[in-house]
Amino acid sequence: HRLHNCCACSMLLRGRQFSRHMMSLKVFILSLSWTTCSLAFTQQHRRLHHLRCASINSEDEYNELSTIRTKSHDNCILDRRDLLIYGSVLLPTIIDATAAAADDQSSIPDGEKQCNDGRIASESQVPGAYQQLCMGLEQRTFKLQSSGDTITIAQGTNSAGGSSVAGRTGVAVWNSGILLTRLLDEINQASSIFKEKTVLELGCGAGLASIAMAKFGSSSVIATDANVEVLGLAKQNFELNNVYNVAKTAELHWGSLDASEYDSIADIVVGSDLTYNSGSWLALAETISTVLKPDGVVLYLTLGHSGFNVQAELGGFLQVAENAGLRVLQEEQIVGQKLTDLLERITSQDEKQVISANGGARAVLLGKKAGKKFR
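Everything numeric here is computed off the predicted structure, so don't read it as measured data. Residue indices follow the written sequence of each chain, beginning from 1 at its first position. In keeping with the predicted nature of the model, local features appear solely for residues at pLDDT of at least 70, side-chain atom pairs appear and are counted solely at 80 or more, and the whole-chain, interface and lining totals rest on all residues. Excluded from the side-chain calculation are hydrogens and water; included are all heavy atoms of the structure.

Trainee: What am I meant to see in unusual backbone geometry here?
Mentor: Glycine aside, a negative phi is what most residues show, and trans is what most peptide bonds show. Backbone geometry places Ser-264, a non-glycine residue, at a positive phi of 50°. Under the relative-accessibility criterion, Ser-264 is labelled partly exposed at 29%. Of note in this structure, Asp-273 is not a glycine but carries a positive phi near 55°. Secondary structure follows DSSP: runs of H or I at least 4 residues long count as helices, runs of E at least 2 residues long count as strands, and numbering of each begins at the N terminus. Mapped onto the elements, Asp-273 comes out in the loop between strand E8 (266–272) and helix H14 (281–291). Given a relative accessible area of 12%, Asp-273 falls into the buried group. Burial classification: accessible surface area is computed with a 1.4 Å probe over protein chains only, and a residue below 20% of its type maximum counts as buried, one above 50% as exposed, and the rest as partly exposed.

Right under this line is the structure:
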């Protein structure tokens with residue numbers, strides 16, 4: 001396109017002499033940079049190379065450019081033999097660079113490119129669940145801005161002879177887990193409230209958020225889930241990311257009875273996408289109320305799916321949570337600003353469209369009604 005962007009080059013490209021002598025090297029010529037273009041044309045042409053068609057304001061300028069077009073190829077264009085000599089030197093370098101760039105792109109199928117850099121990807125409904133292309137990858141990577149760490153998450157969608165997340169949703173990374181981790185990362189950039197804290201994650205899945213909390217300096221992270229397969233995958237990811245000394249897995253079924261084993265253990269409870277089933281709201285609220293310290297805080301995020309109403313879902317759960325002894329906290333007092341502002345900042349325009357199409361996203365901070373101020 002550099003050749004066509006220059007008016008003089010455009011005239012030469014359309015010239016019969018140029019076409020006749022250069023057609024066999026068409027691919028080569030179109031790959032050349034400005035430096036190679038300089039080899040192909042005379043000093044007189046290079047002097048005019050900066051001129052654009054729009055800048056030709058006089059008949060003299062036009063005639064000067066026309067003269068370039070009509071000069072013999074011996075004066076204006078390199079002899080074919082000389083050009084081939086230059087080409088033999090430059091072409092291997094061009095081929096190597098082009099091949100390397102092609103390999104970089106061809107190694108990633110087109111559909112999988114949306115999974116790079118931990119993006120929030122569109123999903124589709126499948127029998128019994130929702131699914132997206134990124135869930136089929138063996139691994140995904142996520143960059144933490146506040147700590148500089150890169151988290152690698154192994155997914156188990158295709159393990160155990162399965163190819164779906166139906167009935168085993170925790171074996172893959174969901175958009176809600178990505179957004180929760182970004183939110184935690186954004187909070188960690190502005191404060192140190194996670195350092196030296198005991199963190200308990202509910203519905204840990206593959207362990208993304210738990211790994212992030214370990215990277216943020218939490219003294220202990222307990223990643224809980226009711227699915228043994230999922231806990232095995234989370235443990236594998238803790239080892240993969242070298243946080244196994246801080247992060248541990250634990251099987252936990254919701255309800256005050258089972259949660260009593262972890263009574264008042266957590267300074268911080270985190271979780272995402274846990275309230276889609278209204279039948280589990282009471283057990284979830286009782287679990288949170290049981291494991292949370294009197295001065296502890298809960299950061300919960302929900303991101304909808306097609307056909308979901310996130311506002312109604314979260315509103316219903318909060319009513320149940322209030323009856324279980326929990327209350328909504330003032331976000332500015334804990335993290336310094338509104339969570340909605342943080343969510344707006346950490347998502348791209350394309351991701352906002354995906355989130356909006358699936359019913360939106362909301363995050364909330366909770367604490368105990370009779371609890372002390374979070375420190």
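Trainee: Explanation requested: the packing of H14 against helix H15 (residues 310–323) in the structure shown.
Mentor: A pair of packed helices is captured by two measures, namely the crossing angle of their axes and the spacing between those axes. Think of each axis as a best-fit line through the C-alpha atoms, taken over the contacting stretch in the case of a helix, with angles from 0 to 180 degrees between the N-to-C directions. The geometry of H14 relative to H15 is characterised by a closest axis approach of 9 Å and an angle of 55° between their N-to-C directions. Classed by the angle they form, the pair H14 and H15 counts as oblique. H14 and H15 meet at a crossing whose hand is right-handed. Here Trp-281, Leu-282, Leu-284, Ala-285 and Ile-288 of H14 lie close against H15, whose contacting residues are Glu-313, Gly-316, Phe-317, Val-320 and Ala-321. Each residue receives one of three labels: charged for Asp, Glu, Lys and Arg, nonpolar for Ala, Val, Leu, Ile, Met, Phe, Trp, Tyr, Cys and Pro, and polar for the others, Gly being one of them. Residues belonging to the contact of H14 with H15 are distributed by class as follows: eight nonpolar, one polar and one charged. Convention used here: angles under 35 degrees read as roughly parallel, angles over 145 as roughly antiparallel, angles from 65 to 115 as roughly perpendicular, and any remaining angle as oblique. Here a crossing is taken to be left-handed if its near helix is turned anticlockwise relative to the far helix by less than a right angle, and right-handed if that turn runs clockwise. What makes two residues a contact is simply this: any of their non-hydrogen atoms within 4.5 Å.

Trainee: Explain the state of the cysteines to me, please; I cannot follow it from the model alone.
Mentor: Each disulfide is one covalent bond, formed between the sulfur atoms of two cysteines. Note on terminology: pairs of cysteine sulfur atoms within 2.5 Å are recorded as disulfides. Within this structure, the stated rule accounts for one disulfide. A sulfur-sulfur separation of 2.1 Å characterises the disulfide bridge that pairs Cys-115 with Cys-134. On the S-S bond that ties Cys-115 to Cys-134, the torsion sits near -95°, and the link is left-handed. Of this pair, Cys-115 sits in the loop between helix H9 (80–106) and strand E1 (124–126) while Cys-134 sits in the loop between strand E2 (129–131) and strand E3 (139–143), and the two are 19 residues apart along the sequence. For the pair Cys-115 and Cys-134, one class covers both residues: buried.

Trainee: I keep staring at the nonpolar core and nothing clicks. Help me out?
Mentor: A general tendency of soluble globular proteins is for nonpolar side chains to be buried together. Definition of nonpolar core: a set of buried residues of the types Ala, Val, Leu, Ile, Met, Phe, Trp, Tyr and Cys, connected through side-chain atoms within 4.5 Å. By size, the foremost hydrophobic cluster in this structure holds 52 residues, and its most contacted members are Leu-183, Leu-184, Ile-187, Leu-299 and Leu-339. Once residues within four sequence positions are removed from consideration, Leu-339 is found in contact with Leu-183, Ile-187, Leu-299, Glu-331, Ala-363, Val-364 and Leu-365. In terms of nonpolar packing, the next biggest core, distinct from the first, is built from 26 residues, Ala-266, Val-291, Ala-321 and Leu-326 among them.

Trainee: Any chance you could explain the packing of aromatic side chains here in plain terms?
Mentor: Think of a pair of aromatic rings as described by two things: how far the centres are apart, and how the planes are tilted against each other in angle. The aromatic pairing rule takes the rings of Phe, Tyr and Trp, using the six-membered ring of Trp, and pairs them if the centres are within 6.5 Å, calling planes under 30 degrees apart stacked, those over 60 edge-to-face and the rest tilted. Evaluated as defined, the whole model comprises three aromatic pairs. Residues Tyr-130 and Phe-308 carry aromatic rings whose centres are separated by 6.1 Å and whose planes lie at 75° to one another, so their mutual orientation is edge-to-face. In this pair, Tyr-130 sits in strand E2 while Phe-308 sits in the loop between strand E9 (292–303) and H15, placing the two residues 178 residues apart along the sequence. Classification of Tyr-130 as buried rests on a relative accessible area of 12%. A centroid spacing of 6.2 Å and a plane angle of 55° characterise the contact between Tyr-300 and Phe-317, whose relative ring orientation is tilted. Here Tyr-300 is found in strand E9, whereas its partner Phe-317 is found in helix H15, with 17 residues between them in sequence.

Trainee: What is the right way to look at the sheet that holds strand E10 (residues 326–328) in this model?
Mentor: The strands making up a sheet are joined through hydrogen bonds of the backbone, oriented either antiparallel or parallel. Judged by pairing direction, the sheet is mixed, and its seven strands sit side by side in the order E7-E6-E5-E8-E9-E11-E10 without closing on themselves. Pairing within the sheet leaves two strands with one partner each, and these edge strands are strand E7 (247–251) and E10. The average angle at which neighbouring strand axes cross in this sheet is 25°, direction not considered. Pairing of E9 with strand E11 (residues 361–368) involves six bridges; the strand directions are antiparallel. Of the residues in E11, the one forming a bridge with Leu-301 is Ala-363. On top of the sheet, helix H10 (residues 175–190) reaches E8, E9 and E11; it is set at about 130° to E9, its chief contact. We treat two strands as partners when DSSP finds at least two bridges between them.

Trainee: I'm lost on the pattern of salt bridges in this one. Help?
Mentor: Note that side chains of opposite charge can pair when their charged atoms are close. Any carboxyl oxygen of Asp or Glu within 4 Å of a side-chain nitrogen of Lys or Arg constitutes a salt bridge here. For the structure on display, the rule yields five salt bridges. Notably, a salt bridge pairs Asp-267 with Lys-293, separated by 3.0 Å at the nearest N-O pair. In this pair, Asp-267 sits in strand E8 while Lys-293 sits in strand E9, placing the two residues 26 residues apart along the sequence. Residue classification places Asp-267 among the buried residues on the basis of a relative accessible area of 13%. A relative accessible area of 25% means that Lys-293 is categorised as partly exposed. Across the pair Lys-352 and Glu-344 runs a salt bridge, and its minimum N-O distance is 3.9 Å.

Trainee: Can you walk me through H14 in this structure?
Mentor: Helical geometry: 3.6 residues make up each α-helical turn, so side chains three or four residues apart lie on a common side. Among the 11 residues of H14, eight are classified as buried, and the element is accordingly described as predominantly covered. Buried residues of H14: Trp-281, Leu-284, Ala-285, Thr-287, Ile-288, Ser-289, Thr-290 and Val-291, and no others.

Trainee: Help me understand the pairing of E8, please; the structure alone is not making it clear to me.
Mentor: The side chains of a regular strand alternate between the sheet's two faces. With seven of its seven residues buried, E8 lies for the most part within the structure. Sheet topology places strand E5 (residues 198–202) next to E8; four bridges connect them, and they run parallel. Residue pairing in the sheet places Glu-201 in a bridge with Val-270 of E8. Two strands pair when backbone bridges link them, and E8 and E9 are joined in this way by six bridges, in the parallel orientation. Bridge pairing in E9 places Ile-268 opposite Val-297. Orienting the strands away from the viewer, one traces the path from the first strand over the helix to the second; a clockwise path indicates a right-handed crossover. In this view, the connection linking E8 to its parallel neighbour E9 by way of H14 has right-handed handedness.

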